[in-house]
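Residue-level structural notes
Here are the chains, one letter per residue:
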Amino acid sequence: MHMLRPFILGCTLLATLTAYGQGNLEDNSVTVVTNFEARLTDAERVNVNPVPPPPDTSTRRQTYTILPRPLEIEYPAPTIRPRAITREEQPPIKRGYAQLGVGVPNAFYGDVSYDLTGQENLDLGFYGKHYSFNNDKKIENQKASDTKLGVEGNYLFEQGFAVRGGLSYDTRSRYYYGYNFPELERDSNLTFTDDEVRQRFNTFSLHTEIYNGTRTEGDFDYRAGLSLYLMDASPSVRETGFDIDVAATKWINGTNPLDVELSADFTAFKDTSSQNLNVVSLSPSYTVVINDAIKLKAGVRLTSQEDDFDIFPNFRASAVLVDGLINAFAGIEGNVQKNTLRSLAEYNPWINTRLRVRNSEATRYFGGVEGTFRGIAYRAEAGYKYLDNLALFTTRRDATGIPKFDVIYDDGSQIYLQGTATLPLVENLDLNATVTQRFYSMEDEEKPWHLPSLSLNAAGIYTLTNLPLQLRADFFVENGLPYQTAEGGTDHLNALLDLSLNAEYTINDTFGAWVRVNNLLNNKRERFFQYPTIGTNFMIGASASF
């Protein structure tokens with residue numbers, strides 16, 4: 001349109017000039033020869049695309065120069081005063097403890113210990129215990145005495161390994177007073193001096209062990225130790241035990257242990273002849289944890305004794321059924337049980353020390369559940385045991401008529417049920433109980449002589465809130481044990497029903513007082529045939545910490 005404007009303007013101007021130029025015509029007329037028609041030719045549209053200008057990529061840096069100008073501000077110096085901080089005074093460390101008591105019948109009790117606590121990397125303690133009673137005025141030679149002295153220590157080296165060990169001497173005196181309760185009339189009216197019926201077991205023992213006291217870089221735990229004991233008894237009986245134990249654990253992924261344990265146990269028993277019981281065992285196992293809920297352990301125990309080589313299984317599995325409420329477990333385990341003069345005399349101190357020692361073997365299949373329900377921690381287990389060379393006890397009278405016990409061995413099996421529970425019934429009162437029921441099946445012997453079938457142990461501890469007094473009650477139940485009569489028959493002893501009470505009163509931080517009453521029901525059951533207990537007895541005493 002801008003180009004047409006000058007064209008139209010020119011045409012108009014030309015027509016005007018032409019009309020003006022014909023002004024000399026006579027008739028002042030204008031003859032139009034042709035009509036002018038202005039037309040525009042076709043135009044082609046041109047598209048124009050705008051393009052932005054090129055960007056400026058140059059870099060500009062500006063430098064600012066600031067002249068420092070210090071400001072002088074005057075202010076008074078603050079007054080700084082120390083502030084006293086009140087710290088609670090730590091109670092002094094009490095390294096010593098002593099408990100002494102006397103009682104009826106003619107009883108004395110003492111327990112003393114002293115620990116060197118507070119020493120850098122060192123724990124060292126000394127202890128001594130004694131208990132004795134004498135009911136000779138009622139029953140001839142019904143008395144006993146136990147005394148043990150020892151030291152235990154542990155030291156951690158800066159290199160990360162630790163050493164611990166101990167040394168002890170134990171002497172126990174027992175008296176064969178069973179002749180006061182004769183089974184046969186011909187054994188009545190017997191009397192002996194205490195030297196004639198006294199049996200004394202003297203044992204000297206030591207042990208030492210080296211182990212990693214801190215976590216190693218390779219998640220590897222180790223332990224190596226040895227123990228030794230020397231024991232003597234009348235008449236002229238000696239026993240020596242030497243045990244070497246080496247164990248290692250490699251932790252895989254921090255939670256799965258690979259365990260290997262090697263044990264060599266050597267025992268030499270000597271009376272009129274010599275007997276050796278040597279057991280070497282190797283126990284590898286691996287435990288894996290799956291999703292923090294399932295735990296599986298697989299292993300074996302390889303044992304060698306004399307010319308006998310055995311392979312025992314060692315499997316265990318556990319799983320969380322209901323978190324915090326029910327866990328289930330099951331397994332198979334087997335091992336060799338050493339029977340020595342030391343272990344047999346601890347169970348039955350009136351044995352005949354001229355005995356034959358043999359090792360026992362046991363393989364156990366078990367399963368059960370455990371957990372916590374409404375504050376009650378519980379565990380229930382059932383199992384089956386195969387027993388080889390189970391130690392039993394039968395009565396034998398020597399030439400003087402004193403009853404002693406021979407140790408015999410028999411194969412058999414056992415089915416057992418066991419339950420344990422801890423019940424916090426009310427505040428400051430804790431109750432716990434364990435009950436076990438066993439069903440024996442012997443191969444040769446008619447009964448498991450002097451072994452219990454039913455056992456119940458229950459205890460309750462109550463701490464008073466308004467008085468520094470703690471009360472404890474213990475209740476024991478055991479079935480009447482089977483024994484073999486002089487004629488070779490079978491009979492049962494009386495059942496055990498034993499209720500004992502204990503009270504401890506704290507006078508201050510240093511001193512306390514206590515009283516114990518044992519066998520309140522005056523149950524004189526015979527744990528072993530012709531050897532009844534002393535019935536009701538009590539002790540009073542005091543304790544001190546220093």
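Reading the values: the criteria
- Residues numbered from 1 in each chain as written.
- Predicted model: local features only at pLDDT ≥ 70, side-chain atom pairs only at ≥ 80, totals over all residues.
- Heavy atoms only, no water.
- Helix = DSSP H or I, 4+ residues; strand = E, 2+ residues; numbered from the N terminus.
- Phe/Tyr/Trp six-rings, centres within 6.5 Å; stacked < 30°, edge-to-face > 60°.
- Buried < 20%, exposed > 50% of the residue type's maximum accessible area, 1.4 Å probe, protein only.
- Lys NZ or Arg CZ within 6 Å of the ring centre and 35° of its normal.
- Core = buried A, V, L, I, M, F, W, Y, C linked by side-chain atoms within 4.5 Å.
- Pairing = 2+ DSSP bridges.
- Salt bridge = Lys/Arg side-chain N within 4 Å of Asp/Glu carboxyl O.
- Contact = heavy atoms within 4.5 Å.
- Polar contact = N/O pair within 3.5 Å; in protein donor to acceptor, adjacent residues only side chain to side chain.
- pLDDT = per-residue confidence, 0-100.
- Patch = residues over 30% accessible without salt bridge, like charges linked within 9 Å, V, L, I, M, F, W, Y side chains within 5 Å.
- Areas by Shrake-Rupley, 256 points an atom, 1.4 Å probe, with all protein chains shown as cover.

Of the consecutive residues Val104 and Pro105, the connecting peptide bond is found in the cis state with omega at 10 degrees. Here Pro105 is to be found in the loop between β1 (96-104) and β2 (107-115). Notably, Asn291 is not glycine yet its phi reads approximately 55 degrees, a positive angle. Its place among the elements puts Asn291 in the loop between β10 (274-290) and β11 (294-305).

For the structure shown, the criterion picks out 17 aromatic pairs. Relative to Phe366, the ring of Phe329 has its centre 6.4 Å away and its plane inclined at 45 degrees; by these criteria the two rings are tilted. One end of the pair, Phe329, is in strand β13 (residues 326-337); the other, Phe366, is in strand β14 (residues 360-373), and 37 residues separate them in sequence. Look at Phe329 and you get buried, because its relative accessible area is 7%. When the centroid spacing of 6.4 Å and the interplanar angle of 40 degrees are considered together, the rings of Tyr365 and Tyr384 count as tilted. Placement of Tyr365 in strand β14 and of Tyr384 in strand β15 (residues 376-397) is noted, with a sequence separation of 19 residues between them. Using a relative accessible area of 36% as the deciding quantity, one classes Tyr384 as partly exposed. Lying across the ring of Tyr229, Arg342 places its NZ or CZ 4.5 Å from the centre. Note that Lys385 overlies the ring of Tyr416, its terminal NZ or CZ placed 5.7 Å from the centroid.

Looking now at the nonpolar core. Membership of the largest hydrophobic core comes to 29 residues, with the highest contact counts inside it found for Val197, Leu341, Leu344, Trp350 and Ile351. Breaking this core down by element, the ones donating at least two residues are β7 (220-233), α3 (341-347), β15 and β16 (403-423).

Moving on, we get to the pairing of strand β23 (residues 511-518). Side chains on a regular strand alternate between the two faces of the sheet. Pairing of strand β22 (residues 496-506) with β23, which is carried by six bridges, proceeds in the antiparallel orientation. Along β23, the bridge assignment pairs Ala503 with Val515. Linking two consecutive strands that pair antiparallel, namely β22 and β23, is a turn of four residues. Pairing geometry for β23 and strand β26 (residues 537-545), over eight bridges, is antiparallel.

This part is about the pattern of salt bridges. Pairing between side chains of opposite charge can happen when their charged atoms approach one another. Summed over the entire model, instances satisfying the criterion amount to 19 salt bridges. Taking the shortest distance from any N to any O, the salt bridge between Arg379 and Glu370 comes out at 2.9 Å. Residue Arg379 is classed as partly exposed on the basis of its relative accessible area of 29%. Glu370 sits in the partly exposed class, given a relative accessible area of 27%. Put simply, Arg396 and Asp406 hold a salt bridge, and the shortest N to O gap is 3.1 Å. With Arg396 in strand β15 and Asp406 in strand β16, this pair connects stretches of sequence that are 10 residues apart. Note on Asp406: relative accessible area 22%, which makes it partly exposed. What you see here is one network of salt bridges that share partners, running through Arg316, Glu333, Arg364, Glu370, Arg379 and Glu381.

Another aspect to go through is the side chain of Thr303. With respect to the secondary-structure elements, Thr303 resides in strand β11. Apart from residues no more than four positions distant in its own chain, Thr303 is found in contact with Val280, Ser281, Asp308, Phe309, Asp310, Phe312 and Val336.

Two elements, β11 and strand β12 (residues 308-322), share 12 bridges in a ladder whose sense is antiparallel. Within β12, the position partnered with Ile294 by the bridge is Ala319. What sits between the antiparallel neighbours β11 and β12 is a turn of two residues, in which Glu306 has the positive phi angle 50 degrees. For β12 and β13, the ladder comprises eight bridges, and the chain directions are antiparallel.

Mapped onto the elements, Asn339 comes out in the loop between β13 and α3. Note: C-alpha distance between Asn339 and Val357 (18 residues apart in sequence) is 6.1 Å. Reaching out from Asn339, the side chain makes a polar contact with the backbone oxygen of Arg358 at a distance of 2.8 Å.

Moving on to the side chain of Thr353. When you line up the elements, Thr353 lands in the loop between α3 and β14. At 2.7 Å, the side chain of Thr353 and the backbone oxygen of Ser234 are in polar contact. Setting aside its immediate chain neighbours within four residues, Thr353 contacts Gln199, Phe201, Ala233, Ser234, Pro235, Val237, Phe269, Asp271 and Leu341.

Parts of the model with low pLDDT should not have their predicted coordinates read in detail. Looking at the chain as a whole, the pLDDT averages 86, with 82% of positions reaching at least 70. Considering only residues more than four positions removed or in separate chains, one finds that residues 6-23, a stretch of pLDDT under 50, has three contacts. A low-confidence stretch, residues 64-71 stays under pLDDT 50, and its non-local contacts, those more than four residues away or across chains, total zero contacts.

There is a patch of nonpolar side chains on the surface, built from Leu226, Phe242, Ile244, Val246, Val260, Leu262, Phe266, Val280 and Leu282 and spanning about 640 Å² of accessible area. Among the elements of the structure, β8 (237-252), β9 (256-270) and β10 are those that each provide at least two residues to the nonpolar patch. Tracing the chain through its elements places Val280 in strand β10. Using a relative accessible area of 36% as the deciding quantity, one classes Val280 as partly exposed.

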